[in-house]
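Summary of the model geometry
Next come the chains, spelled out residue by residue.
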Amino acid sequence: MNELLSDASARSIRYLETLDARPVFPAGGPRARLAELGGPLPSGPGDPAAVLALLDEVGSAATVASAGRRYFGFVTGGSLPATVAASWLATAWDQNGFSSIMSPAVAAIEDIALRWLLDLLALPRDAAGAFVTGATMANLTALAAARRVVLAHAGWDVEENGLQGAPPLRVVLGAEAHPTVKKALGLLGLGRATALVVPCDEQGRMRADALPALDGPTIVCIQAGNVNSGAFDPAAEICAAAHAAGAWVHVDGAFGLWAQAAPSRAHLSAGVANADSWATDAHKWLNVPYDSGLAFVRDAAALRGALSVVAPYLPHEAAREPGDFTPESSRRARAVEVWAALRSLGRAGVADLIERTCRHATRFADALRGAGAEILNDVVLNQVVVSFGDEARNREVLARIAADGTCWCGPTVWRGQMAMRISVSSWATTAEDVESSLVAILRAAGLNLRSA
Ligand SMILES: *Cc1c(COP(=O)(O)O)cnc(C)c1O
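Below or above, wherever it landed, is the structure these notes cover. (Residues numbered from 1 in each chain as written. Predicted model: local features only at pLDDT ≥ 70, side-chain atom pairs only at ≥ 80, totals over all residues. Heavy atoms only, no water.)

**Here's the deal with the packing of aromatic side chains**
We count it as follows: For Phe, Tyr and Trp, rings pair up if their centres lie within 6.5 Å, where Trp contributes its six-membered ring, and each pair is then called stacked (planes under 30 degrees apart), edge-to-face (over 60) or tilted (otherwise). Helix and strand assignments follow DSSP, with helices taken as H or I runs no shorter than four residues and strands as E runs no shorter than two, numbered in order from the N terminus. Residue exposure (1.4 Å probe, protein chains only): buried if accessible area is under 20% of the type maximum, exposed if over 50%, otherwise partly exposed.
All told, the structure shown has five aromatic pairs when counted by the stated rule. With centroids separated by 6.4 Å and ring planes inclined at 65°, the aromatic side chains of phenylalanine 255 and tryptophan 285 adopt a geometry described as edge-to-face. Placement of phenylalanine 255 in the loop between β5 (248–252) and β6 (277–281) and of tryptophan 285 in the loop between β6 and β7 (293–297) is noted, with a sequence separation of 30 residues between them. Per residue, the accessibility class of phenylalanine 255 equals that of tryptophan 285, and both read buried. Connected via pairs of aromatic rings, a cluster forms that spans Phe25, Tyr71, Phe74 and Trp408.

As C-alpha cells, this is what we get:
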C-alpha cells in the first residue's frame, strides 16, 4: 500500500501541476489511445502498480482539464486543495455513510457540515439535509418530500399506496425549468410533460404575474440561477402566492443558491429562504470533487418520512441518521469534502469565491461586447451567453477555441438561438486566466480586444 499510494500521490501531483500547460480539451491522439485501456478482460490478477501506471499514462492525457483554471464549459467547478486532500483520506477510510453505527465520524461530519450550510445559505436552521450525488438527485430527494406532504394533506399516503388512485397532484414549472427537474418529476411518477408551464421573461425568469390560480395538492418548482443566463425566478412573490394557496415551493438552485452566501449577490436570491425545499450542488460552485449535491427540506419529518427505511436489524441511534434522508442506503462519505471546503474557506472565503467568479464573468462580458460580440443575457452572476453571429459562425468559433486549447467554452441554445456559454465557476481561475482566455476567444473569432 505504501509504495502504491505514494506513487498515486506523485502521479496526482504531477497531473495537477501540468494541467494548466496543456490543451484544456484533449487532442485526438490522447483520446485515441484510450483503447489501450481495453482489450479482453484480464484472465487473472495483475500488479496494482502497473494498473495505476497504465491508467495514468493513457487516462490522464485524455481527461478534460476541468480541474484546471480555464475550463468554462457547462457549470463546472474545480476542486479546492483541502477537498482533494480530504477526499483522498476519506477514500482510505472507506466508510459507509448510511448510519451512525456504521460510521460515527461520517454521521458527525454530516451534522456539522449541514449546520454550517444552513447558516451560510441563510436557510431555516432546523431544516433537514441530504448529501446526495448532484442536483438531479437533490431535486428528486426534495420533490419526494413535497409529493409526500401535499398528498398527505389530501388524505393520501403516497409511500404506502403509490400514485394509482391518488388524488390529482398538480406541478407548476417555469418554461425555463432545468431538464433534470423534469427527470425527477418523471421518476416520481408525476410526469415530465404534464406540469402546468408558466411563461418566462427575456432573462428566463418565471413571470409571477402569469402564475395560475392554485388550489388542491400543488408543487411549484422555481429556479435560483438559470443554467444559461444565471437569472433568478422572483422567489418572494411566488412563495407568497403559492403558500396562500397551500402549495409547496421547491427551489432548484444547483449553483444559484450560493448567491445567498455572497453579500453582493444575495439580493438576486431574495425570498428563496421562504420556500419549502431546495436543491443545490457542491461540485459546481463550492468546488468539491464529484459527485456532491445537497437537498434541504424545511419540514425535517417530511424528508425523513419520504426516505427512511425501517428494518429490525438497522438501529436508529443518533438524532440524525444520515440514511433516513437519502434515496441511497450505502454510500460514500461525500460530506467530508463539503466539510473540508467550508472549514478551509470559512464564510468570507466562500463569499470571495462567489464574488470573484462573478467579477470574472462580468469582465468576459464587457471585453467581448467591446470587441463587437453580442452578449445575449444580463450578466448578473457567473454566466455569460455570447454570440458571434449565426449558428454556423458560433460553431466555428467554438471549434477554434477548443483547438487552440487555451480555454474551453461550451455551446448552448438561448431563446432559440445557438450561442456560446461561458461559466466561471472554478476557485482557481485568476484575472490573468480571464485575459489570456479573452485573447484566445477573440483570436478564434477574428476580433480585437479594445483596451478600456
Ligand atoms: C447542473 C444543474 C442541474 C443538475 O445538476 P447535476 O449535479 O448535474 O445533477 C440541475 N439544475 C440546474 C439549474 C443546474 O445548473
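Picking up after the structure, the text goes on.
**Considering the packing of helix α5 (residues 104–120) against helix α11 (residues 335–370)**
Quick reminder of the rule: Only C-alpha atoms enter the line fits that serve as axes; for helices the fit covers just the stretch in contact. Angles between N-to-C directions range over 0 to 180 degrees. Note on convention: near helix rotated counterclockwise from far helix by under a right angle means a left-handed crossing. Clockwise means right-handed. Note on contacts: a residue pair qualifies if any of its non-hydrogen atoms lie within 4.5 Å across the two residues. Under this grouping Gly is polar, as are all residues other than the nonpolar Ala, Val, Leu, Ile, Met, Phe, Trp, Tyr, Cys and Pro and the charged Asp, Glu, Lys and Arg.
One can describe the packing of α5 onto α11 by two numbers: an axis separation of 9 Å at closest approach and a directional angle of 35°. Both α5 and α11 take part in a crossing whose hand is left-handed. In contact with Ile109, Glu110, Ile112, Ala113, Trp116, Leu117, Asp119 and Leu120 of α5, α11 contributes Ala335, Val336, Val338, Trp339, Leu342, Arg343, Arg347 and Val350. Broken down by class, the residue content of the contact of α5 with α11 amounts to 12 nonpolar, no polar and four charged.

**Concerning empty space enclosed by the protein**
So the rule is basically this: Any residue with an atom within 4 Å of a point lines the site, the site being either a cavity, points on a 1 Å grid over the protein atoms alone where a 1.4 Å probe fits but cannot get out, or a pocket, an open set with protein on both sides within 12 Å along at least 5 of 7 lines. Grid points are joined across faces, edges and corners, and a volume is the space filled by probe spheres set on the points.
Overall, the coordinates contain three cavities of 30 Å³ or more when judged by the stated rule. Counted as a void, the largest cavity has a volume near 60 Å³. Contributions of two or more residues to the lining of the largest cavity are made by β2 (170–174) and β4 (218–223). Here the element with the most residues in the lining of the largest cavity is β4; it accounts for three residues. Class assignment for the residues of the lining of the largest cavity results in seven nonpolar, four polar and three charged. The space that makes up the second largest cavity amounts to roughly 50 Å³. Lining of the second largest cavity is provided by His178, Gln223, Ala224, Gly225, Val227, Asp252, Gly253, Ala254, Phe255 and Lys284. Counted by class, the lining of the second largest cavity contains four nonpolar, four polar and two charged residues.

**Notes on the packing of helix α6 (residues 135–153) against helix α8 (residues 179–187)**
Let me state the cut-off plainly: To sort the angles, those under 35 degrees are grouped as roughly parallel, those over 145 as roughly antiparallel, those from 65 to 115 as roughly perpendicular, and the leftovers as oblique.
One way to put it is that α6 packs onto α8 with a least axis distance of 9 Å and a crossing angle of 45°. Here α6 lies oblique to α8, going by the angle between them. In the packing of α6 onto α8, the handedness of the crossing is right-handed. Here Thr136, Asn139, Leu140 and Leu143 of α6 come into contact with α8, specifically with Thr180, Val181, Lys183, Ala184, Leu185 and Leu187. Here the contact of α6 with α8 is composed, by residue class, of six nonpolar, three polar and one charged.

**Observations regarding the side chain of aspartate 281**
Formally: In protein, a polar contact requires one atom able to donate a hydrogen and another able to accept it; more generally it is a pair of N or O atoms within 3.5 Å, and residues adjacent in sequence count only if both atoms are side-chain atoms.
Locating aspartate 281 in the fold gives a position in strand β6. Judged by its relative accessible area of 2%, aspartate 281 falls in the buried class. Engagement of the side chain of aspartate 281 in a polar contact is seen with the backbone nitrogen of alanine 135, the distance being 2.9 Å. Here the side chain of aspartate 281 touches lysine 284 through a polar contact of 3.3 Å, side chain to side chain.

**Here's the deal with the pattern of salt bridges**
Here is the rule: By convention in these notes, a salt bridge is any Lys or Arg side-chain nitrogen within 4 Å of a carboxyl oxygen on Asp or Glu.
Taken as a whole and judged by the stated rule, the model has 26 salt bridges. A salt bridge links arginine 170 to aspartate 215, with the shortest nitrogen-to-oxygen separation between them at 3.3 Å. Separated by 45 residues along the polypeptide, arginine 170 in strand β2 and aspartate 215 in the loop between β3 (196–198) and β4 bring together distant segments of the chain. With a shortest N-O distance of 2.8 Å, arginine 363 and glutamate 435 are connected by a salt bridge. Taken together, the residues span a long stretch of sequence, with arginine 363 in helix α11 and glutamate 435 in helix α13 (residues 431–445) at a distance of 72 residues.

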